Structures are given as structure tokens and as C-alpha cells.
Amino acid sequence: MKHFPNDFLWGTATSSYQIEGAANLDGKGPSIWDAFASIPGKIKNNETGNLACDHYHRFEEDVQLMKNMGVKAYRFSISWSRVLPTGKGAVNEKGIQFYSKLIDSLLRAGIEPWVTLYHWDLPLALQLEDDGWLGSTLPDHFANYAKICFDRFGDRVKSWITLNEPWVAAMLGYGQGVFAPGRTSNTEPYRAAHQLILAHAKAVTIYRKEYGHQNGKIGITNNADWREPLTLNQKDLEAAERALEFFLAWFADPIFKGDYPQVMRERLGSRLPKFTDQEKELIKGTSDFFGLNHYTTMYAAHHNGRLKESSVYGNGGISEDQDVTLLQDSNWPVTSMNWAVVPWGCRKLLRWINDRYDQPDIYITENGCSYPDVLVDGKVDDTLRVAFYKGYLEACQQTIAEGIPLKGYFAWSFMDNFEWASGYEKRFGLHYVDFETLERIPKKSALWYKEVISKNGI
Ligand code: GAL
């Protein structure tokens, strides 16, 4: 048995648009995901999050299921437009009540709420009136919304995450256009990212200045895959490092070190916005922990002027900026997202973070996999998912044994849900959801995870 430290935080995670449903209920305003999903052809089978898992009505049942699993923490996100229907202005008290009840119910069940303030569902009004994340007014609007959340929930919520995966919001939303708001550009991702970073920093500054007495912690969650050099050739070594810098350090360097990575500044020139000295000061040091979402690994090679890659996400039309070709090893097993299962990549990434950012407390705020689970005699035998979790948790345990301060792990996801552009076909949950009856059924992996948590080891 490989043990984890006694205070290791075991959790599961979800996000508002992916599970809540109740898209138009009780005063909620539309978000960019409501709008995007309503455009034919944007989402697999033209599905939407209108109903999703109907968590809005079934949250008590969901909290009980989590309690049964023995999870110590639950990471969920607040829908900005449920709290502020147009992103600014008057508060929707019914939205506040919903999250307040959810938080109380979690606390009664002995589960720590970990609250993400922004998991991509921007109020539509801010897209239309303020140009979304390209708008210079967004950081202040976000900070104002965050303040309302600290004010209303901060007496009970002690762990805050400002943004979930700003890389995805910027690259898939403004580069590739496959996620809301559906824009394609090779400059807008850098501009959107800039405003996202400022928004994060402003919210954290308010929390620290005005809500210090709440004694909570606050940080950001970035996503990153591992990039393994294809060969030991110097050019490939540099390409892999560069790929990580354009991916993770793009966001983490300003926040942990004060500015964008040098390689980005050099290569992008005037396409990369600049922080003023005052902004650098504001941003630096604004994360109490390193939140990481990690799913897969790819080989990276020097691009050599010709692009031929089997990238998982693609590079949003800005691959040229990096000069990196990404490749998968055909021997690696893959999930139904075609993401390779490579636990040693997770271990290497955790080391890279530990070294580059001077040993921050790390929380894996998402890790998991999608497989085409089916019900047979009322049960789901998701053996592959169990194997996935076992591999990655072993990697986590080894990382801790090396002395790296990895403090917690949130499995993505608590239950099957709306998987963005892939709709409901991709099943990431520890619980199977029958999307017709909305019944939740624990999968084999849920029972296995419960055992890991109760023994605090694998
Ligand atoms: C993350 C995202 C989640 C979930 C997961 C699986 O990027 O934060 O919302 O969809 O990927 O694709």
C-alpha cells in the first residue's frame, strides 16, 4: 500500500454550465455558452447545457452521493450570470440562494467547498456590450463579481479559485473558435489572456485587502499537458521547453514571477500585450497555491518550418509562434478523447512546476478520463477508468515521496456531464448519468476511489 499524507485532500470536481441546467430559471441571465450551444453545428448533436444533469434541482442528492464516496472536498463553479444576470449591476438573489444552499449542504456533509469563480460561462451581456475578454473593462467587472461572492459566501467558503484554465478560454475561445465565443484569430488569444490575468489579479487583491479576516486561500487553476522532447537533440529539448512555456508559463510566469516568459516576449513582439510596472506588481504573487488541471502528454519536436502534427487540441493557428511539432506515440493507450494515458508525464510536469515556481503547494484540481461507458444489468464496469486513476495516483504518490508538496487531488468528474463541444457523448464521470431519467449510478471507479480515500492510499 502506498500511503498519502494524512492531510491529503481528496476531492471531485464539476463546473456550472456542465451540470446545473436551469439555464433560464430563477432570473439567471444567458452566458456565452448558452448562446454558443444554440448555434447549429457548434456542439456534437447540437446538444446544450439547458438541462444537463439538472444539478440545480438535484444538488442535495449529489451531495449525498459525494458523502457516500467519502470525498473531503468538492470543487464546483459559480455561474456568473446566475448571480449577476448581465455580468454587472443588480444581484439576482435567487442565484445567491442556490449557491448558499449548496454550500450549507456540503458543510453539513463534512465536505469542503472549493469554489471556482469562472469556468468559461461569461455573461452574454459582457460579450455583447464589453467585447468579452478582449474588453479592457472585463477585469473590473470580474473583480466586482468576485467581491460579491466573497461577501456572500466567504464566511463559509475558505478555498477560492479565480479562473479555470484561462489557456482554454483564450486559445479555444479566441484562437481556434471551437469553444465560446467562437472566434478565430492569431492575436486575440494573447489579448484575451492578458485581460484574464489582470482580472485574476484584481480579484485576489480585493480578497486579500478586504476579506483577509475570512482566513481563506485563493489561487488560479491552469491546465497543462506534459511535453516530452522527442529526442535528446538540443533543438528538440528546447522545443519541448518552449512548448511548456507557451502553454503553462504564459499564465503562471506573470502570476508567480511577474511577467510573461522571455521566449514569448521575444517571439511575439508587439502581438503580446505588455504589463506596466504597476500591473506586474499587482499580478506577482497572486496565487496561494498552484492549481493544475492535467490530462495528457505529447512529444514535442523542433518544427523545422513544416507543420505536421497530431496535436490533441491543435494550436489555435498560432503554432507558428512556437515552432513546435506535437506528436503522440502510437503505443500509448488513449481515452475516447484520443488523449494518451501517460502517468509518468504527470510526474515530470509536477517536477517542472516545483522547480520553476519554487516549490509551491500544488493541487491537482482536475485529472480524469473519458471512456464510452455503458450500463449492463444496471452497472458500469469501467475497468479502464480505474486503471487510469491508479496510474495517475501512483505518479502523484511517487511525486510526494520525492518531497514535492502536492497537497490534493480532484477527480474530474463527479458525474458524467456536458463535455463542451463534444456534448454528452464523452463520459468523464465517476457516476454514470442516464441523460433521459437523470438517474446517477456509481461506476466501478467510484467504488474504487471510495476505497482509496478511506485507506488514504493505493
Ligand atoms: C477541462 C475542463 C473541464 C472538463 C475537462 C475534460 O479542460 O476544465 O471542464 O471538460 O477538461 O475535458
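Now for a quick tour of the structure. Only a predicted model underlies this, so the values are computations on that prediction, with no experimental measurement involved.

One finds W33, W80, W133, F142, W160, W250 and Y449 to be the most contacted residues of the largest nonpolar core, which totals 139 residues. If you tally residues by element for this core, the top one is helix α9 (residues 188–210), at 12 residues. Ignoring sequence-local partners within four residues, the contact set of Y449 consists of W10, G11, T12, M69, V71, L393, Y409, A411 and L430. In terms of nonpolar packing, the next biggest core, distinct from the first, is built from 13 residues, W114, Y295, M337 and Y363 among them.

When you tally the buried positions in strand β8 (residues 297–302), you get five out of six residues, the bulk of the element. Where strand β6 (residues 226–229) and β8 come together, four bridges link them in parallel fashion. The residue of β8 that forms the bridge with E228 is Y299. Two strands pair when backbone bridges link them, and β8 and strand β9 (residues 324–327) are joined in this way by four bridges, in the antiparallel orientation. Across the sheet, residue A301 finds its bridge partner in β9, namely T325.

Burial of strand β3 (residues 112–118) is extensive: six of the seven residues sit out of reach of the surface. With five bridges connecting them, strand β2 (residues 73–77) and β3 associate as parallel partners. Its bridge partner being in β3, A73 is matched across the sheet by E112. Direction of pairing for β3 relative to strand β4 (residues 159–164): parallel, over a ladder of four bridges.

Let's shift gears to the packing of aromatic side chains. For the structure on display, the rule yields 54 aromatic pairs. Taking 5.4 Å as the distance between ring centres and 75 degrees as the angle between the ring planes, the aromatic pair formed by W33 and F179 counts as edge-to-face. With W33 in helix α2 (residues 32–37) and F179 in the loop between α8 (166–174) and α9, the pair connects residues that are 146 residues apart, well separated along the chain. The class for F179 is buried, based on a relative accessible area of 12%. A centroid spacing of 6.4 Å and a plane angle of 75 degrees characterise the contact between Y99 and F153, whose relative ring orientation is edge-to-face. Remark: F153 occurs in helix α7 (residues 138–153) and Y99 occurs in helix α5 (residues 93–108); sequence separation between them is 54 residues. Three or more aromatic residues joined by ring pairs make a cluster, and in this case those are Y17, W33, F36, W120, F179, F418, W420, Y424 and F435. Lying over the aromatic face of F98, R82 brings its terminal NZ or CZ to 5.9 Å of the ring centre.

Turning our attention to the sheet that holds β8. Through backbone hydrogen bonds, the strands of a sheet pair up, either in parallel or in antiparallel fashion. The mixed open sheet is built from three strands, whose spatial order is β6-β8-β9. Where the open sheet ends on each side, the last strands, each with one partner, are β6 and β9. Each adjacent strand pair in this sheet contributes to an overall mean axis angle of 40 degrees, direction not counted. Helix-sheet contacts for helix α14 (residues 343–356) involve β6 and β8, and the interaxial angle to β6 is about 95 degrees.

Rules used throughout
- Residues numbered from 1 in each chain as written.
- Predicted model: local features only at pLDDT ≥ 70, side-chain atom pairs only at ≥ 80, totals over all residues.
- Heavy atoms only, no water.
- Core = buried A, V, L, I, M, F, W, Y, C linked by side-chain atoms within 4.5 Å.
- Buried < 20%, exposed > 50% of the residue type's maximum accessible area, 1.4 Å probe, protein only.
- Helix = DSSP H or I, 4+ residues; strand = E, 2+ residues; numbered from the N terminus.
- Contact = heavy atoms within 4.5 Å.
- Pairing = 2+ DSSP bridges.
- Phe/Tyr/Trp six-rings, centres within 6.5 Å; stacked < 30°, edge-to-face > 60°.
- Lys NZ or Arg CZ within 6 Å of the ring centre and 35° of its normal.
- Axes fitted to C-alpha atoms, helices over the stretch in contact; angles between N-to-C directions.

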